Amino acid sequence: NNHPMPKEKGIDHTIQLLKEGYHFIMNRKEKFDSRVFETHLLGEKAICLVGKEEAELFYDETKFTRKDAAPSRVKKTLFGEGGVQGLDDAPHHHRKAMFMSLMTEEKLQQLKQLTKEEWEKEFRQIQDENIVVYEKAKSVLTRVAMKWVEIPVEDTEADKWSDELADMFEKAASIGPKHWKSRYSRSKMEEWMEDWIEKVRSGKVSISESAPLYQFSFHKDLDGELLDKQIVAVELLNLLRPIVAIAVYIDLLMLAMHDNKDEVAQMNIDDEKQVTNFIQEVRRFYPFFPFAGARVKETFTWNGYVFEEGTLTLLDLYGTNHDPAIWENPNQFQPSRFHDWSRSPFDFIPQGGGEYLIGHRCAGEWITVDILKTTIKFFVQQLAFTYPKQKFEYDNNDIPPLPKCEIRLRA
Ligand code: HEM
């Protein structure tokens, strides 16, 4: 027996989404007392979902498609056109495997080593200075990203691209001049990547076969053809850009360390489990990616609600990470909650849910955790620093701006 989905009245609620930010879906879940409801966003009907079972539904690829799910302004800035995010079924699995094949023990080990070295390099010259962690992290991560993808450039050349890489995620959902700056940075970066792909394909530069740059340049699609170089460029940027975006989490990590001094003091930094729990709680507690979007593949009914073909559907990532049905005291920062976390792929979803290979869960989740773990170890073990007087705040009522607080340290 079907029943109507709770429906928000009014023509469009995009303005409320921008104002209520990360709380938009949870606020309505409370109002309607329902984890499924309908609203209107960016001029179209949208179904919103929040919760564990709802995440399981959202990641059922027989029910949802990613085709035309991302707004065009986001494709032109954040994601790029023709990349893995917009693929479905076999073509998606094949492309996703290209990403996941990079996540070997050896490559992750190299990533940790690079992160440590670049942080050391960044602070070598610094003596009793105030620094903005977010800015430092972007420089460090730009060099880490270039080296890890094995683009054969010097540090000074790598450093030059830091702003372009950041423009793609900092200004992704903006309007007006910021949007255009973001698009311009993406096209500049794509052109630069295409030059490298040509050089690698023609043998003008020789790099190791295991290099991500090499692997992507010579990846063949399901028809056995090389990918268009524009698409390879988009996929290489799907590695470089989000590695630099980890700067947002590093900023929030420094805030977490400030706000939870006792927890940090008690933590044994050599205990992998304790460090991992702290990092997981940073990714659960703070906002980053607000929600994931898909469209209904073919009309279906779930728990009595009809999901009509083509309807835009949003899964609340932030809300699910703060869902009181899943997390005890969700608004308290408690790393120990991860001691006995069930490891379900559908309840802790800061970087999307479901499976890596067959679903759209973030390809870079292990990279993110490893970089954050290496970073907290560096700051605790190798750096002497204090927090100068400042506001320890971030804004979580505002999308599109990122939840950065620009923590300053005296190092
Ligand atoms: C997908 C978040 C870091 C590569 C995603 C998704 C989210 C996300 C929410 C989409 C999930 C969905 O659509 O269902 C984040 C956050 C990061 C981060 C918050 C922290 C900075 C990374 C890193 C990489 C990466 C470091 C690569 C090195 C990707 C790729 C996809 C993806 C390739 C597309 C997966 C697919 O469509 O199958 N990420 N990510 N991400 N992420 Fe990340």
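What counts as what
- Residues numbered from 1 in each chain as written.
- Predicted model: local features only at pLDDT ≥ 70, side-chain atom pairs only at ≥ 80, totals over all residues.
- Helix = DSSP H or I, 4+ residues; strand = E, 2+ residues; numbered from the N terminus.
- Rg over C-alpha atoms; globule rule 2.2 N^0.38 Å.
- Buried ≥ 20, exposed ≤ 12 C-beta atoms within 10 Å, placed from the backbone.
- Contact = placed C-beta atoms within 7 Å.
- Pairing = 2+ DSSP bridges.
- Near = placed C-beta within 6 Å.
- Nonpolar A, V, L, I, M, F, W, Y, C, P; charged D, E, K, R; others polar.
- pLDDT = per-residue confidence, 0-100.
- Axes fitted to C-alpha atoms, helices over the stretch in contact; angles between N-to-C directions.
- Parallel < 35°, antiparallel > 145°, perpendicular 65-115°, else oblique.
- Left-handed = near helix turned anticlockwise from the far one by under 90°.

1. Structural notes on the overall build of the chain
- Within the chain one finds 16 helices and nine strands.
- Computed over its C-alpha atoms, the radius of gyration of the chain comes to 21 Å, within 12% of the 22 Å expected for a compact globule of 411 residues.
- Projected onto the principal axes, the alpha-carbon positions of the chain cover approximately 65 × 55 × 40 Å.
- Evaluated residue by residue, the chain yields a buried proportion of 40% over its 411 residues.
- Residue pairs in contact within the chain that sit at least 24 positions apart in sequence constitute 70% of those at least 6 positions apart.

2. Side note on the sheet that holds strand 1 (residues 36-41)
- With respect to topology, five strands assemble into an open sheet ordered 1-2-8-5-3, the strand pairing being mixed. The open sheet terminates on both sides in strands that have one partner only, identified here as strand 1 and strand 3 (64-65).
- In terms of strand pairing, strand 1 meets strand 2 (residues 44-49) through six bridges, oriented antiparallel. Note on strand 2: the bridge partner recorded for Glu38 is Ile47.

3. Comments concerning helix 2 (residues 24-32)
- Taken together, the buried positions of helix 2 are Phe24, Ile25, Met26, Arg28 and Lys29.
- Buried residues along helix 2 sit in contact with helix 1 (14-20), strand 1, strand 2, strand 5 (291-296), strand 8 (312-316) and helix 15 (317-321).
- Where helix 2 ends, the next residue or the one after it, Asp33, has phi of about 50°, a positive value.

4. Some details on the site of the ligand
- The immediate surroundings of the ligand are formed by 25 residues, with Pro242, Ala292, Gly352, Cys362 and Gly364 found nearest.
- Looking at the shell around the ligand, the elements that each hand over two or more residues are helix 5 (89-100), helix 12 (229-259) and helix 16 (365-381).
- Of all the elements, helix 12 adds the most residues to the shell around the ligand, at seven residues.
- Of the residues contributing to the shell around the ligand, the split by class is 16 nonpolar, seven polar and two charged.

5. Re unusual backbone geometry
- Phi is positive for Asp68, close to 55°, though the residue is something other than glycine.
- Inspection of the secondary structure assignment puts Asp68 in the loop between strand 3 and helix 4 (72-79).
- Accessibility expressed as a C-beta count within 10 Å gives 13 for Asp68, which makes it partly exposed.
- Positive phi is not limited to glycine here, since Glu406 has a value of about 50°.
- You can see Glu406 is positioned in the loop between helix 16 and strand 9 (408-410).

6. Details of the confidence of the model for the chain
- Across the chain, pLDDT averages 94, with 99% of residues at or above 70.
- Note on the complex model: pTM 0.97, ipTM 0.99.

7. Focus: the pairing of strand 5
- In this sheet, strand 5 lies alongside strand 3 in antiparallel orientation, the contact comprising two bridges. Along strand 5, the bridge assignment pairs Thr65 with Arg295.
- Across five bridges, the pairing between strand 5 and strand 8 is antiparallel. In the sheet register, Ala294 faces strand 8, and the bridge partner there is Thr313.

8. Quick word on the packing of helix 7 (residues 133-149) against helix 12
- The interhelical angle for the contact between helix 7 and helix 12, taken along N-to-C directions, is 150°, at an axis separation of 8 Å. Here helix 12 runs roughly antiparallel to helix 7, going by the angle between their axes. Here helix 7 runs over helix 12; the crossing is right-handed. Residue-level contacts link Val133, Tyr134, Ala137, Lys138, Leu141, Thr142, Val144, Ala145 and Val149 of helix 7 to Leu236, Leu239, Leu240, Ile243, Val244, Ile246, Ala247, Ile250, Asp251 and Met254 of helix 12.
- When its residues are assigned to classes, the contact of helix 7 with helix 12 shows 16 nonpolar, one polar and two charged.

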